[in-house]
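Examination of the molecular architecture
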Amino acid sequence: MSIMMPAADQAVLNRRGEIVAALRAIVPGEGVIDSAAEMLAYESDGLTAYRQRPMVVVLPDTTEQVARVLKYCHEHGIKVVPRGSGTSLSGGALPLEDGVLLGLGKFKRIREIDFDNRVVVTEPGVTNLAISEAVAHAGFYYAPDPSSQIACSIGGNVAENSGGVHCLKYGMTTNNVLGCEIVLMSGEILRIGGKSAENSGYDLMGIITGSEGLLGVITEITVRILQKPATARALMVGFAQVEAAGECVARIIGAGIIPGGMEMMDKPAIHAAEAFVHAGYPLDVEALLIIELDGPSVEVDELIRRVEAIAQGCGSVTLQISNSEAERNLFWAGRKAAFPAVGRISPDYLCMDGTIPRGALPQALARIREFSEKYQLGVANVFHAGDGNLHPLILYDANKPGEIERAEAFGADILRCCVELGGVLTGEHGVGIEKRDLMPEMFSEIDLNQQQRLKCAFDAQGLLNPGKVFPTLHRCAELGRVHVHGGKLAFPDIPRF
Amino acid sequence: MRAAIAGEQPLEIVGHGSKRAIGHPMATNAVIDVSALNAVTSYEPHELIITVQAGAPLADVQSLIDARNQQFAFEPMDTSVLLGTPAIGTIGGMIGAGLAGPRRIKAGGVRDHLLGAHAVSGFGDGFKSGGKVVKNVTGYDLCKLLTGSWGTLAVMTEVTLKVMPKPEAERTLVLRALDDVTANKAMTAALCSPFDVSGAAHLPGSALRETAGSLASLAASGQSVTLVRIEGIAASAANRAASLSTTLSSYGTVEILEDGASLMVWTALGEVRPFAADGALGTWPVWRIVCPPATGGALGQALARETGGEIFYDWGGGLIWAALPPRPDAQAALLRSRVEAAGGHAMLLRATEEVRRNVNVFQPQPAGLAALGERVRNSFDPKTILNRGRMTRSKAA
């Protein structure tokens, strides 16, 4: 493991037997796992390059148990790492050697479906897709659709503020969550928001969403559900240059059209996907756009005509329009299988997740090509073109000495480039441990201190998921001081704005 | 800021002062005026973003984006009609207040459109959060906290907001003479339909009676009106309006207002025109109640009956505007007990300074949540320099 985690507390490790017994008293039976063999399944999440066996795994099934576990750990200075389905791509659920891994997998019940108020109240271990399935009979669905939706839990979605292909039009998790029940590290249980459109007081739901398990453990969530669009159709458009595809994306948005999804793939990604799923992708184009329009059929038909005209105006070299659900699904099949398809052409790959302003796409791709030559590693690009979220897949072979280090350096260069172009380090996968040490590329020490002070308001001892998100840990007391003397702040030489 | 922190001098943050009469009277005797921070840093219509300084006039920014056929999709509330102020305020005030209009049910609120911010905290530190792109999960989303914090956390200096294309066409379906509970059901049916409703409001006949302007023609018959808005490309808006009319036909005959007429109605509703400061109810205190939408009709009807007030509904019943006959306590205890029972919360948006001294303007929160909120505030402004006392009633008073 090439990333530093907080040093293990030997005093805590020495008390392991006592801690396991105390947790068994709270969560009886199979809910506490302490054998090395059984804990193997929890050593890693979706970022499999990093592994760590936890001290012990606890799987509570009531809010009360969660509260008692956290209270016990709080009182005894024991670190806790929360985990949903373990599909994080940034290492958000990577265990700690001296930490309790708190799994929410037993919180699997949908508590209430309220069509009149258009909400679902659910436990956090329910999968993203299960929510949509539970309301599908009435024509509703839950809009955010991360590609792992068959497996990822809604609790994890809230922790990571997950996105998906459709968030250009329908928003990310934060735009679709109304309330939660949350247990603080102290064991205190709080309810925030509910079925109303907005909450009173500060927008705590907004800050909890995307906090990567550092502020509290969510035990219930209220999400908004929407009526499914009546129809959806897609266009598949090939371009001889990436620049022309980028221009097409800009003109569609400029024309006031917000597609349900707008995805781009570059040549290596097209070839890998086509070889895998045979979706009929054109192989001699440099960029392929898949543009989906959804809504009433009269609207979709009209928008398809407009987008077709724009694409032709941008010099498209191939253009197909779906005329059936089967055809639309075929267009998507290659895109949706892009990651495993790339997995077939390379022993290993790293998936990056920067976001850039849409207009900077050609520049970003040119830079990525330069990096590819510099590091002598291949790269395939898939891209949520509508919202500027780039997923370069860096190809490497972990069995060849030095390749993983080169791949990581390549990835870091891409993310720095995203920030330089006016973008950000992560669009939807989260910071976790993966991008933790790159945070200073985007934020100053002052920016990060403000974020950490907020963390202190929720978890003053820093026991919940430490080592994630922030490159350096500070004591809360030190962050909370206002250094003022004679009208001047201490350290006037530190740049402050 | 640093001088104020050193001198423990509390500051009131002021832009145009359009919303100074909202919140508790503050324990401040000095202002920090940000109205000179009024530049548009960059506007990129194709990126769907605009970056502006916090003191930029909202009206100017709206004209700028309107010229490119774009808008703030959440319909920022123009509070000037309700409060009787000359200006509609600044971008910073719009975010600090976090008050969104009728389209909130479809497009989200102010919080959903603030992508990034630069601000100065009560530590005297300039910090930033977020960025200039929509899809961003890098670090905590401090923008959410700044929205609706009424200037109690930080002084915003520059912000990046999402802009969206304006709809080509709009239609408003009008149903008449429904009681509040039935109207709530009709709005729920519309919002549960696949026709992508972007506004759903109900005005009892009595709330409309004294209203001038674009709502007056609707009021002519003395009956209540229930309004449902559809927006989009022309062919689609017309098509969906027709389909939805059929869906709602069991609630009565549906009339349809088109484009300009429809726009005027929703503008007036967003401004809370029925309770305008220069209107017949201009001296009554006004509550803004947010509740689970399907409970709104029964709640509003009970409130009107028990308080003797006038009410109307937006957000399909999820937002209730209530003007109550003047009383020293603005009938806060009665109103809040009913609202809380329905799972909602209430804010006293308009009242005299005297009333705002005596009544909790913002919904009091359970102890644990209030304590967390206070710790959060402390993490930005430990000496309570900024807008001291605006969100919490001082114990001394």
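Residues numbered from 1 in each chain as written. Chains lettered and ligands numbered in written order. Predicted model: local features only at pLDDT ≥ 70, side-chain atom pairs only at ≥ 80, totals over all residues.

Quick notes on the environment of G86(A)
All names here are of chain A. For G86, the position within the fold is in the loop between β3 (79–83) and β4 (99–103). Under the C-beta neighbour-count criterion, G86 is labelled buried, with 21 such atoms within 10 Å. Between the C-alpha atom of G86 and that of G105, which follows or precedes it by 19 residues, the distance is 9.6 Å. If sequence neighbours within four positions are ignored, G86 has contacts with D45, G46 and A93. (Helix = DSSP H or I, 4+ residues; strand = E, 2+ residues; numbered from the N terminus. Buried ≥ 20, exposed ≤ 12 C-beta atoms within 10 Å, placed from the backbone. Contact = placed C-beta atoms within 7 Å.)

Brief notes about the interface of chain A and chain B
The partner chain B presents 75 residues to the 81 residues of chain A that form the contact. Looking at the side of chain A that touches chain B, the elements with two or more residues in it are β9 (189–193), α8 (204–208), α9 (242–254), α11 (297–313), α16 (439–442) and α17 (445–458) of chain A. Per-element accounting of the side of chain A that touches chain B gives the leading share, eight residues, to α17(A). Of the residues that constitute the side of chain A that touches chain B, the class distribution is 33 nonpolar, 32 polar and 16 charged. (Nonpolar A, V, L, I, M, F, W, Y, C, P; charged D, E, K, R; others polar.)

Some thoughts on the sheet that holds strand β10 (residues 217–224) of chain A
Residue and element names in this part refer to chain A. With antiparallel pairing, the five strands of this open sheet are ordered in space as β5-β6-β10-β8-β9. Looking at strand neighbours, the two that pair on one side only are β5 (110–114) and β9, the edges of this open sheet. Strand after strand, the sheet turns through a mean of 10° between neighbouring axes, direction not considered. In this sheet, β9 lies alongside strand β8 (residues 177–183) in antiparallel orientation, the contact comprising five bridges. Within the sheet, the bridge partner assigned to E181 lies in β9 and is R191. Against the sheet, helix α4 (residues 63–75) contacts β8, β9 and β10, and its axis sits at roughly 55° relative to β8. (Pairing = 2+ DSSP bridges. Axes fitted to C-alpha atoms, helices over the stretch in contact; angles between N-to-C directions.)

What about the pairing of strand β3 (residues 40–44) of chain B?
Residues and elements named next belong to chain B. Here β3 pairs with strand β4 (residues 49–53) via four bridges, running antiparallel. By the bridge assignment for β4, E44 is matched with I49. Between β3 and β4, which pair antiparallel and follow one another directly, the connecting turn spans four residues, one of which, L48, has a positive phi of 60°.

Section: the sheet that holds strand β18 (residues 389–396) of chain A
All names here are of chain A. The strand order β15-β12-β14-β13-β17-β18-β16 describes an open sheet built from seven strands, whose pairing is antiparallel. Here the strands that pair on one side only, and so sit at the sheet edges, are β15 (318–321) and β16 (348–351). Pairwise comparison of adjacent strand axes, ignoring direction, gives a mean angle of 15° for this sheet. In this sheet, β18 lies alongside β16 in antiparallel orientation, the contact comprising four bridges. Along β18, the bridge assignment pairs D348 with Y396.

Overview of the domain arrangement of chain B
One frequently used descriptor of interface size is the decrease in accessible area upon assembly of the parts. All names here are of chain B. Segmentation of chain B into domains returns domain 1 (2–165), domain 2 (169–271) and domain 3 (274–358). For domain 1 versus domain 3, the separation of C-alpha centres amounts to 26 Å. Across the boundary between the two partners, domain 1 contributes 10 residues, which contact 13 residues of domain 3. Elements that contribute at least two residues to the side of domain 1 that touches domain 3 include exactly α3 (80–83) and α5 (104–107). Looking at the side of domain 1 that touches domain 3 element by element, the count peaks at three residues for α3. A breakdown of the residues in the side of domain 1 that touches domain 3 according to their chemical character gives seven nonpolar, two polar and one charged. (Domains from an automatic or database assignment.)

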